[in-house]
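Tertiary structure, described
Now for the letters of each chain:
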Amino acid sequence: MAHEREPLLQRHAAGAKGSSSAPAAAPPPSLARTVLKFLMWAVFLTWAAGIFLYPTKPAQAVFKKWVGLTRDSTFGIAGGIFLTFSAPILIIALLAYVYISFFPSDHMEKRKLRSLSFRLWTFPVLVDGPFGVVSAVEFIGIVLFIVYVVYSMTYYALESVSLVSKFHIPSKTDSELMLHVIGLRFGSVGLFCMLFLFLPVARGSVLLRLIDIPFEHATRYHVWLGHLTMALFTLHGLCYVIEWSMQGLLLKEMLGWKEVGIANLPGVISLAAGLLMWVTSLHPVRKRFFELFFYTHQLYVIFIVFLALHVGDFIFSISAGAVFLFMLDRFLRFWQSRAKVDIISAACRPCGTVELVFSKPASLRYNALSFIFIQVRELSFLQWHPFSVSSSPMDGRYHMSVLIKVLGTWTEKLRSIITDVQEQNRGDSELQCGRITACVEGPYGHESPYHLMYENLILVAGGIGISPFLAILSDIIHRIEEGKQCMPKNVLVLWSVKKSKELSLLSAVDAQTISSSVSDKLRLDIQAFVTQESQAPLEDGIVGDDQKVPGMFVKNGTTMSGLVGTGDNFWAAMYFLASTLGFLLAYALVQVYYVKPHNVMAWWYLGLLFMLCMVAGVALPGGLVVLLWHLSEKRRLEDEKWDAAAASQSPRAEQAPPAAGGDDDAAAVPGAGLAALRTTRYGCRPDFEAEFAAFAERAGDAADVGVLVCGPQGLQTSVARECRARNLRRGGGAGKSGSRAVFHFNSHSFDL
């Protein structure tokens, strides 16, 4: 099979080089890499230190001098504040585009493979509590944010007490002044936290790609920062509400809209929108009323716009850089998600799972741990649901598949459409009804496939959590077959399901038969645990036929777009650069030809103009670059059209099994399919202590073991606890704690 595909793969690989984001020339020397890293770290550390030290008097003095230098310039005070707090993020983003373009992910991957060691970001420190499983790096980040908030507010409080004590004023006025000053400080610290709030939710952000944090991991940071930011803004508003109540001016002040100074009413509207988002995002509400959470979260537009009206341009410019990066990402996602994507086939599996196979261009990059967002317009025009990819990029160049567990209303309706079409088409093959109009956003994921970093790999899944691991297994098998770089040699799969019918999901892997060349190089052990059945059913081993429905959408040659996620680095950099320069140019023109000639002084109006300039920069010059990018992608797709059309007829044809009498190396070993390698146990759950101990003994004394978990929070907690315990006991002598293996914990679960 590998030999038959080789000419085709070589031809496509040669063709793909021209459209790849990486330059054809050899990458710059290591000195250039070091210089780029040094510049990014220098900018980041200086920026972070400036934020941390901002409350102190020396930092305030330097800041005032810096802002004074730009006061009389075209950009005014807002320009100085923007350069101090927002521009560093944009500078790092620009350097990141240069870095990932000249040093693409394959070079990063090779470097990582040579430097496996104990890692803080894969060592679970906390496994229980409100934060879930927290690695050492995440714990350090949490502590730093808490220290910053406590330190800043303590400094401000002491400073306020010292300031108020200098004036001889009545105690009531004294309390009101204290509330006013403390409320102001809560708001300023909240703005600095908001500076980080929008960075994790820019799904295709180059910053996330640079540090190789996939969006599904970054969402938890957004959740943590959201709680912190809204708590600070709520305290900010509460201080003023109490002060106004003490003065008997509550209603008047809340409805106040000053021309010069802080406009209170926009602040009230912004805070109300933020509180609605915050309350509906709490886990109990989000879990039971997901649609309420989803639709309420669209109030972020009201939250941002009215915040700018509330504080004006120069204060809003503190957090404008992160908001601008989010706007860039949101516009690009909007452009990508407009296209309707061909669904090559749809299947309803006997275990209550739906499989969708989408058409994609050969140049679209993703890995076995990627996510995509799917919208089905027949179900909702607004809802986008994330699903992990269940196919390996080596399964086929022109298709990508996902497995969808039927759990809620949206997935129930999706299955109903597919089954209805299947039933109606059974009687009339010409009948075409109930088709799905699908749009896809992504793919998102790790910049490099980190499952290939480990020679020893443990995959722990719960239910449909096996989906990304099917892609991993397929990826490993194909890599070994084709002689490509592949670290995993010893793989253990621990899979817990409720009912035995879910075991049929193993049939979703394309390469169900493992050749002798693979079995010699890969030791694969699949342990399945059926928790709600005490013994095997009578029909054990009998897998029902999938109800396949080809052509759910009229074929028009439309494939997934590569604008977001792992898109072309050159065009992405041009889009970022054009939008940023367009924003700065628009703001300069507004200042020169409108604000200063007409002596515009209203803070809220200046904040609105600032926001409009940001939108104009993204939509006009940025939109032009995206249009050119789209046309370039369209021309490239035309070149691939003949192959894509052939692939759309049969998504499995690209990986067809070898003909009888073919190469001996590619001959399948009878009975060596994945299902045959599975050992099933009924009425029990996996004993992680015993399983990990046995695997560590088999892997060797000083092995690095990658542990990947995809499943509910309880499963992640159990596995993280075992990894932490074994790492802490590492080198403890003979017996149960004698293994020196390091267990690297990684989770792969998406929780909005």
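Reading the values: the criteria
- Residues numbered from 1 in each chain as written.
- Predicted model: local features only at pLDDT ≥ 70, side-chain atom pairs only at ≥ 80, totals over all residues.
- Heavy atoms only, no water.
- Helix = DSSP H or I, 4+ residues; strand = E, 2+ residues; numbered from the N terminus.
- Buried < 20%, exposed > 50% of the residue type's maximum accessible area, 1.4 Å probe, protein only.
- Contact = heavy atoms within 4.5 Å.
- Areas by Shrake-Rupley, 256 points an atom, 1.4 Å probe, with all protein chains shown as cover.
- Pairing = 2+ DSSP bridges.
- Axes fitted to C-alpha atoms, helices over the stretch in contact; angles between N-to-C directions.
- Phe/Tyr/Trp six-rings, centres within 6.5 Å; stacked < 30°, edge-to-face > 60°.
- Lys NZ or Arg CZ within 6 Å of the ring centre and 35° of its normal.
- Core = buried A, V, L, I, M, F, W, Y, C linked by side-chain atoms within 4.5 Å.
- Salt bridge = Lys/Arg side-chain N within 4 Å of Asp/Glu carboxyl O.
- Parallel < 35°, antiparallel > 145°, perpendicular 65-115°, else oblique.
- Left-handed = near helix turned anticlockwise from the far one by under 90°.
- Nonpolar A, V, L, I, M, F, W, Y, C, P; charged D, E, K, R; others polar.

**A short note on the overall build of the chain**
- Of regular secondary structure, the chain possesses 25 helices and 17 strands.
- Within the chain, the proportion of its 752 residues that are buried is 53%.
- Contacts in the chain between residues far apart in sequence, at least 24 positions, make up 81% of those at least 6 positions apart.
- As displayed, the chain offers around 33500 Å² of accessible surface, 64% of which is attributable to carbon and sulfur atoms.

**Quick word on the sheet that holds strand S15 (residues 678-682)**
- Here we have 6 strands laid out as an open sheet, ordered S15-S12-S10-S9-S16-S17, and parallel in their pairing. The open sheet is flanked by S15 and strand S17 (742-747), the only strands paired with a single partner. Geometrically, the sheet is characterised by an average inter-axis angle of 15° between neighbouring strands, direction not taken into account.
- Relative to strand S12 (residues 523-530), strand S10 (residues 490-497) runs parallel, the two sharing 8 bridges. Across the sheet, Leu 492 pairs through a bridge with Asp 525, a residue of S12.
- Across the sheet, helix H25 (residues 713-728) lies against strand S9 (456-462), strand S16 (704-710) and S17, angled at about 160° from S17, the strand it touches most.

**Structural notes on the packing of aromatic side chains**
- Applying the stated criterion across every chain yields a total of 42 aromatic pairs.
- An angle of 40° between the planes, with centres 5.6 Å apart, marks the rings of Tyr 97 and Phe 576 as tilted. Taken together, the residues Tyr 97 in helix H5 (residues 87-102) and Phe 576 in helix H21 (residues 569-595) connect sequence positions 479 residues apart. For the pair formed by Tyr 97 and Phe 576, the shared burial category is buried.
- Relative to Tyr 605, the ring of Tyr 594 lies with its centre 6.2 Å away and its plane at 70°, an arrangement referred to as edge-to-face. One end of the pair, Tyr 594, is in helix H21; the other, Tyr 605, is in helix H22 (residues 603-619), with 11 residues separating them in the sequence.
- Judged by its relative accessible area of 24%, Tyr 605 is partly exposed.
- When the ring centre of Phe 373 is taken as origin, the NZ or CZ atom of Arg 203, which lies over that ring, is 3.9 Å away.
- The positively charged end of Arg 286 is found above the aromatic ring belonging to Phe 293, 6.0 Å away from the centroid.

**Quick look at the pairing of strand S4 (residues 353-359)**
- Within S4, 7 of the 7 residues are buried, leaving the element largely enclosed by the surrounding structure.
- Burial along S4 is two-sided: the face carrying Thr 353, Glu 355, Val 357 and Ser 359 and the face carrying Val 354, Leu 356 and Phe 358 are both buried.
- Of the pairings in the sheet, the one linking strand S3 (residues 343-349) to S4 comprises 6 bridges and is antiparallel in character. By the bridge assignment for S4, Cys 348 is matched with Val 354.
- Hairpin connection from S3 to S4: 3 residues lie between these consecutive antiparallel strands, with Gly 352 at a positive phi of about 85°.
- As defined by bridge partners, S4 adjoins strand S7 (residues 399-405) across 7 bridges and the pair is classed as antiparallel. Residue pairing for S7: Phe 358 is matched across the bridge by Met 400.

**Concerning the nonpolar core**
- Counting 85 residues, the largest nonpolar core has Met 194, Phe 198, Phe 316, Leu 325 and Met 614 as its most contacted members.
- If one sorts the elements of this core by residue count, helix H17 (residues 320-337) sits on top with 11 residues.
- With sequence-adjacent residues up to four places away left out, Leu 325 is seen in contact with Ile 89, Leu 90, Ala 93, Leu 199, Ala 202, Leu 207 and Phe 576.
- Within the second largest apolar cluster, 37 residues are counted, among which are Cys 351, Tyr 450, Ile 466 and Leu 473.

**Structural notes on the pattern of salt bridges**
- Overall, the coordinates contain 10 salt bridges when judged by the stated rule.
- A salt bridge links Glu 159 to Arg 185; its shortest N-O distance comes to 3.5 Å. Of this pair, Glu 159 sits in helix H7 (residues 136-165) while Arg 185 sits in helix H8 (residues 171-197); the two residues are 26 residues apart in sequence, bridging distant segments of the chain.
- The salt bridge involving Glu 441 is made with Arg 203; its shortest N-O contact spans 2.4 Å.

**Comments concerning the sheet that holds strand S5 (residues 371-376)**
- In spatial order, the strands read S6-S5-S8; together these 3 strands make up an open sheet with antiparallel pairing. The open sheet has two edge strands, strand S6 (385-388) and strand S8 (438-444), and neither has a second partner. Ignoring strand direction, the axes of neighbouring strands in this sheet form an average angle of 30°.
- Pairing of S5 with S6 involves 4 bridges; the strand directions are antiparallel. By the bridge assignment for S6, Phe 373 is matched with Pro 386.

**Digging into unusual backbone geometry**
- Omega for the bond connecting Gly 442 with Pro 443 falls within 30 degrees of zero, at 5°, which places this linkage in the cis form.
- One non-glycine residue, Asp 212, adopts positive backbone phi at about 60°.
- You can call Asp 212 buried: its relative accessible area is 11%.
- Backbone geometry at Asn 599 places phi at a positive 50°, although glycine is not the residue there.
- Secondary-structure assignment places Asn 599 in the loop between H21 and H22.
- Owing to a relative accessible area of 55%, Asn 599 belongs among the exposed residues under this scheme.

**Considerations on the packing of helix H24 (residues 688-699) against H25**
- Packing of H24 against H25 leaves a shortest axis separation of 10 Å and a crossing angle of 50°. In this view, H24 runs oblique relative to H25, as classed from their interaxial angle. Crossing of H24 against H25: the hand is right-handed. Where H24 approaches H25, its residues Phe 688, Glu 689, Phe 692 and Ala 693 are matched on the opposing element by Leu 715, Ser 718, Val 719, Glu 722, Cys 723 and Arg 726.
- Class assignment of the residues belonging to the contact of H24 with H25 gives a composition of 6 nonpolar, 1 polar and 3 charged.

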